Amino acid sequence: AQSVTQLGSHVSVSEGALVLLRCNYSSSVPPYLFWYVQYPNQGLQLLLKYTTGATLVKGINGFEAEFKKSETSFHLTKPSAHMSDAAEYFCAVTSNFGNEKLTFGTGTRLTIIP
Amino acid sequence: NAGVTQTPKFQVLKTGQSMTLQCAQDMNHNSMYWYRQDPGMGLRLIYYSASEGTTDKGEVPNGYNVSRLNKREFSLRLESAAPSQTSVYFCASREQGRAEAFFGQGTRLTVV
């Protein structure tokens, strides 16, 4: 079984401040992990993904995430928030052991304060 | 450059009516998915199909049926719509394993 927990359904940060969105996963096999972003009235688009190899992964728009197996975490960060980062962010997990199920968290809505 | 195409984009149904949501992808992906998105609940998996000819239940399959018509198309059917099925529905596809999913623009369904 696999699952994702996103801590904090709403996060507010000031423009220029650090963005930290938390994601913890549960998986009985080595996971593949993803962060997606959703702008209002749109579908989801990929920010970044972790499959194997380097545990610090960089994505689009200055975001990055670090896979920490010991903490079962995959938190998303950005050093300096921009107004255009306001959106909803979803963490997701799957694996490569014959089960193609792709499971999402409940999402975190990010608000940027001018 | 179509990617994943969902139709219709908006739909209003009366309780008890039936309808089929259509999804097609042009990326030759093996796996396809149907999710529903509700406020505070994220994306919940309704059904998925790991390959042509196979389908599996997700977290919330009750009240829905699916058909993987061919490799390109994966439809979602509501046989007797209920107000609890008011939601935004997303179709997604991906290659298998470590690949990311690509999403359609969604179908906003209201059941009155």
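Scroll up to find the structure.
Residues numbered from 1 in each chain as written. Chains lettered and ligands numbered in written order. Predicted model: local features only at pLDDT ≥ 70, side-chain atom pairs only at ≥ 80, totals over all residues. Heavy atoms only, no water.

Volume-wise, the largest pocket comes out at about 630 Å³. Lining the largest pocket are 31 residues, and of these A:Gln38, A:Asn41, B:Gln37, B:Val88 and B:Arg108 lie nearest its centre. Elements represented by at least two residues in the lining of the largest pocket include exactly strand 10 (87–95) of chain A together with strand 4 (31–38), strand 9 (87–94) and strand 11 (107–111) of chain B. Residues of the lining of the largest pocket, tallied by class, amount to ten nonpolar, 16 polar and five charged. (1 Å grid on protein atoms, 1.4 Å probe; cavity = no way out; pocket = protein on both sides within 12 Å on 5 of 7 lines; lining within 4 Å. Points joined across faces, edges and corners; volume = space filled by probe spheres on them. Helix = DSSP H or I, 4+ residues; strand = E, 2+ residues; numbered from the N terminus. Nonpolar A, V, L, I, M, F, W, Y, C, P; charged D, E, K, R; others polar.)

With that settled, the discussion passes to the sheet that holds strand 1 (residues 4–7) of chain B. Residue and element names in this part refer to chain B. Judged by pairing direction, the sheet is antiparallel, and its four strands sit side by side in the order 1-3-8-7 without closing on themselves. In this open sheet, the two strands that pair with only one neighbour each are strand 1 and strand 7 (64–68). The sheet shows a mean angle of 15° between the axes of neighbouring strands, direction not considered. Pairing geometry for strand 3 (residues 19–25) and strand 8 (residues 74–78), over three bridges, is antiparallel. Paired with Met19 across the strands is Leu78, a residue of strand 8. (Pairing = 2+ DSSP bridges. Axes fitted to C-alpha atoms, helices over the stretch in contact; angles between N-to-C directions.)

Okay, the pattern of salt bridges next. This model, assessed by the stated rule, comprises seven salt bridges over all chains. Measuring nitrogen to oxygen at the nearest pair gives 2.8 Å for the salt bridge that ties A:Asp85 to A:Lys78. Residue classification places A:Asp85 among the buried positions, given a relative accessible area of 2%. Judged by relative accessible area, which is 10%, A:Lys78 ranks as buried. A single salt-bridge network, built from bridges that share partners, covers B:Arg36, B:Asp38 and B:Arg44. (Salt bridge = Lys/Arg side-chain N within 4 Å of Asp/Glu carboxyl O. Buried < 20%, exposed > 50% of the residue type's maximum accessible area, 1.4 Å probe, protein only.)

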